[in-house]
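These are the residues of each chain, in order.
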Amino acid sequence: MAETETAPTRAAAPRRTTAEAMAAKQQEISVSEFFAKNRHLLGFDNPRKALLTTVKEAVDNSLDACEEAGILPEIWVHIEPTGEGRYKVGIQDNGPGILKKQIPLIFGKLLYGSKFHRLRQSRGQQGIGISAAGMYGVQTTGKPVKIISKVSVRKPAHYYEIQIDTKRNVPRILNGKGEGVDIPPGEKGAKYIEQHGIEWEDQPHGTRVTIELEAKFVRGRGSVDEYLNQTAIANPHVTLHYHDPDDYLHDYPRSAEKLPPESKEIKPHPYGTESGRLAQMLEESEPMGVSEFLKTKFSRVTPAVARKICEKAEVSSRLAVGKVKREQADKIFRAIQQTKISPPETNCICPIGEELLLKGLHSVVPGEFYTAATRPPAVYRGNPFQVEVGLAYGGSAATQNVTMDLLQDLIEETDTRTVRQFLIHTFNGLGSDAADKIVKAASLKTRQNPSALKPKERQKLFDAMKHVNVAEGQSMEVMRYANRVPLQFQQAACAVTQTILGTNWRGYGLSQSRGSLPKGPVSIMVHIASVWVPFTSESKEAIAAYPEIQKEIRLGLQAVGRKLGMFLRRRLRVKQQTDRREVFLRYLKEVSGAVSTINGANQSELYDQLVKVANKVTADADMKLDDRGRKIAPEEMDLGGSVLIVDPTTHAASINRASSVGEDDEDGGGEEE
Ligand SMILES: Nc1ncnc2c1ncn2[C@@H]1O[C@H](COP(=O)(O)OP(=O)(O)OP(=O)(O)O)[C@@H](O)[C@H]1O
């Protein structure tokens, strides 16, 4: 029955296409075309993120180039509106500059860079970033990418206007008859730069890239402001000048005069190599014997290790690499897994360090207790990496510290649509529950627009912010970093967030419901430094959950968690004993009176003695901690190193806002320390 039904249908089905017709449509896809269509993979999902990604790619490149050249980085970021939904972004550094012939390739060809083929801790690794930003700019505005770069004060600067040819993934140079322009050094060049309206901060060497793109400028979470702020925390050796679209100037002067130690390039470790990759390396290698190949192309392969691998794989150690057959390559691969090889060198990783972590956190995050832990280096898939965790706890909430004037300014500046959004985006660490509470206490409508608030309503909002205890509903604020670069998106997909969620914070004195972030006025910063950071996608927003990495994150979180727990327990004990003492003292007058009536003892002497006893049994109420968390006499109780305890009332609040340098200078604000 079934046969009679299906057979005629199959026969009758008309051929839709033929192999020949399909072949006519099959063609190579250029990498630029692919990413132009899939630009979300590179972080250009929407105009708001496109702006951030562009700034980020250029600033990360500048930092990498300066550090590699041993130059203390100074970076200028200028974002300027040029029309409805359009911005011009200019980023300049004082780095080593780029050679003339390299400029078009770097900015006009996807997958071209110096970092992909090496294992070395750096921010960039793929060779897509800046050319993709340029491509997005050209696609959305038609304006070419402009680059000016100078390698020395005596040599000419090179100026290029470039478009990427997406069909062929090659640069198209638009100025100087397709050759770019050389700008002579000295006066003559300065004049040329001025006459042609080329933007350039006068520096002996460096690079400036200008991209015009369709974008949206916002403040708060996931913004350029947040990225630069967090970059300043993790890179205290950098000076940043930020000229924002509202013409505010923000300066982040460097707080450390020393560059981080130079990160070393290492060779791949045999354990991190896959079988196919090994076969390819053998094929591409210059002529040599297998043993020599293993010793020179990999790290940690000593002559004895190479001999063992060859013996296990049953290949002669002198067999020429060109003659190794695929089965032999597989055998060598398996032999590697069975041979004991010491783990890769780990001194190629440069962590931020506990001291600078504490300094960075303290200068930006309000709180009363800070602690940091730098874990020893570890290895995943043959790649060395190192995890660092910083934690800030407590302090009065930013919402309670604002003045009415500041609140008025913040309301004027914001582009959020509701009061609730305004509160969440402006005040770091304020969760949605707390924002709801404030809106409710101020008797405002949930969807009320902040800029439409009448003076009376602003006053009500201000009063509510002062009085609502926001710490209750507040969730932990998580800051993630990879090779000193803040990661602002895809929080849920990241190994860092997953490990934080999987940690039992109740054991450290915080409340936490299953599967969610702990509650309380607490911020966590997790930094992963590696020669190759395993991101979950090309847009480099989340770290893949390798078990080795998760384990290190967990141990780091536990180290800071334990110290937080000790601090909170100690603080709780002080409070309990203070309450207990108050109760004792309240009744001692009556007790001493009653006793003296019974046995005729001197009441005041008795009272003094009872007070002494009460104070003794509640001695912990007098416990004072110094700024390292050590208990000051009578008895030492050490919280260990890497702890900072400050008086929260003197700490500036952390508010996301723009403030011009001029304004800060006037009222003596600006830098805290
Ligand atoms: N400001 C700069 N100064 C000097 N060299 C630079 C600068 N910007 C980029 N480069 C060079 O251009 C290369 C390509 O940069 P690009 O942003 O495309 O990729 P990347 O930084 O290598 O990797 P990723 O795609 O992960 O960001 C870099 O590897 C670097 O060698």
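Residues numbered from 1 in each chain as written. Predicted model: local features only at pLDDT ≥ 70, side-chain atom pairs only at ≥ 80, totals over all residues.

Looking up the protein in an unreviewed UniProt entry gives the name Type 2 DNA topoisomerase 6 subunit B, with the organism given as Pirellulimonas nuda. Under the heading Subunit (unreviewed entry), UniProt records this for the protein: "Homodimer. Heterotetramer of two Top6A and two Top6B chains." Quoted verbatim from the Function (unreviewed entry) field of the UniProt record, the comment on the protein reads "Relaxes both positive and negative superturns and exhibits a strong decatenase activity." (UniProt positions renumbered as here; feature names shortened; annotations may be inferred.)

### Let's talk about the overall build of the protein
Helix and strand counts for the protein stand at 22 helices and 18 strands. Each of the three principal axes of the protein carries a C-alpha extent, and together these read 115 × 85 × 70 Å. Buried positions account for 39% of the 673 residues belonging to the protein. The long-range fraction of contacts in the protein, counting pairs at least 24 apart against all pairs at least 6 apart in sequence, stands at 71%. (Helix = DSSP H or I, 4+ residues; strand = E, 2+ residues; numbered from the N terminus. Buried ≥ 20, exposed ≤ 12 C-beta atoms within 10 Å, placed from the backbone. Contact = placed C-beta atoms within 7 Å.)

### Focus on the nonpolar core
Counting residues in hydrophobic clusters, the biggest one holds 108 residues, and the most contacted among them are V55, V77 and V389. Of the residues forming this core, the biggest block, nine residues, is contributed by helix α4 (residues 47-69). Formed by 19 residues, the second largest nonpolar core is a distinct cluster that contains V305, A313, V315 and I332. (Core = buried A, V, L, I, M, F, W, Y, C linked by C-beta atoms within 7 Å.)

### A closer look at the UniProt feature "domain: Histidine kinase/HSP90-like ATPase" (unreviewed entry) in the protein
When the UniProt feature table is mapped to this numbering, "domain: Histidine kinase/HSP90-like ATPase" (unreviewed entry) covers residues 46-217. Across residues 46-217 one finds 30% helix and 28% strand; the C-alpha atoms that close the span lie 11 Å apart.

### A closer look at the site of the ligand
Taken together, the neighbourhood of the ligand is formed by 20 residues, with N61, A65, G113, G124 and G129 sitting nearest. Only α4 and α6 (129-141) provide two or more residues apiece to the shell around the ligand. Looking at side-chain class alone, the shell around the ligand contains five nonpolar, twelve polar and three charged residues. (Near = placed C-beta within 6 Å. Nonpolar A, V, L, I, M, F, W, Y, C, P; charged D, E, K, R; others polar.)

### Observations concerning the pairing of strand β5 (residues 170-173)
Walk down a regular strand and you will see the side chains alternate between the two sheet faces. Looking at chain direction, strand β4 (residues 157-165) and β5 are connected through four bridges and run antiparallel. Pairing of D165 across the sheet is with V170, part of β5. (Pairing = 2+ DSSP bridges.)

### Regarding the packing of helix α8 (residues 224-234) against helix α13 (residues 354-364)
Contact geometry of α8 with α13 gives a least axis separation of 8 Å together with a crossing angle of 145°. Taken together, the residues of α13 that come into contact with α8 (itself represented by N229, I233 and A234) are G360, L361 and V364. Split by residue class, the contact of α8 with α13 holds four nonpolar, two polar and no charged. (Axes fitted to C-alpha atoms, helices over the stretch in contact; angles between N-to-C directions.)

### Here we look at the environment of I147
By the element assignment, I147 lies in strand β3 (residues 145-150). The sequence separation of I147 and D165 amounts to 18 residues, and the corresponding C-alpha distance is 17 Å. Once residues within four sequence positions are removed from consideration, I147 is found in contact with I103, F107, Y160, I162, T207 and V209.

### A short note on the pairing of strand β7 (residues 206-214)
By the criterion of burial, β7 is predominantly enclosed, with eight of the nine residues buried. Relative to β7, strand β2 (residues 86-93) runs antiparallel, the two sharing seven bridges. Bridge assignment links R86 to a residue of β7, and that residue is E214. In this sheet, β7 lies alongside β3 in antiparallel orientation, the contact comprising five bridges. Its bridge partner lying in β7, K146 is registered against T210.

### Description of the domain arrangement of the protein
Here the domain parsing of the protein yields domain 1 (33-217), domain 2 (270-338) and domain 3 (398-467). Relative placement of domain 1 and domain 3: their C-alpha centres are 39 Å apart. (Domains from an automatic or database assignment.)

### Quick notes on the environment of R168
Within the secondary structure, R168 is located in the loop between β4 and β5. A count of 12 C-beta atoms within 10 Å places R168 in the exposed class. C-alpha of R168 to C-alpha of S32: the two residues are 136 residues apart in sequence and 7.7 Å apart in space.

### Section: the packing of α4 against α6
Relative to each other, α4 and α6 sit at 145°, their axes nearing to 9 Å. For the pair α4 and α6, the sense of crossing is left-handed. Every residue of α6 that contacts α4 at A50, T53, T54, E57, A58 and N61 is listed here: G129, I130, A133 and Y136. Per-class residue counts for the contact of α4 with α6 are five nonpolar, four polar and one charged. (Left-handed = near helix turned anticlockwise from the far one by under 90°.)

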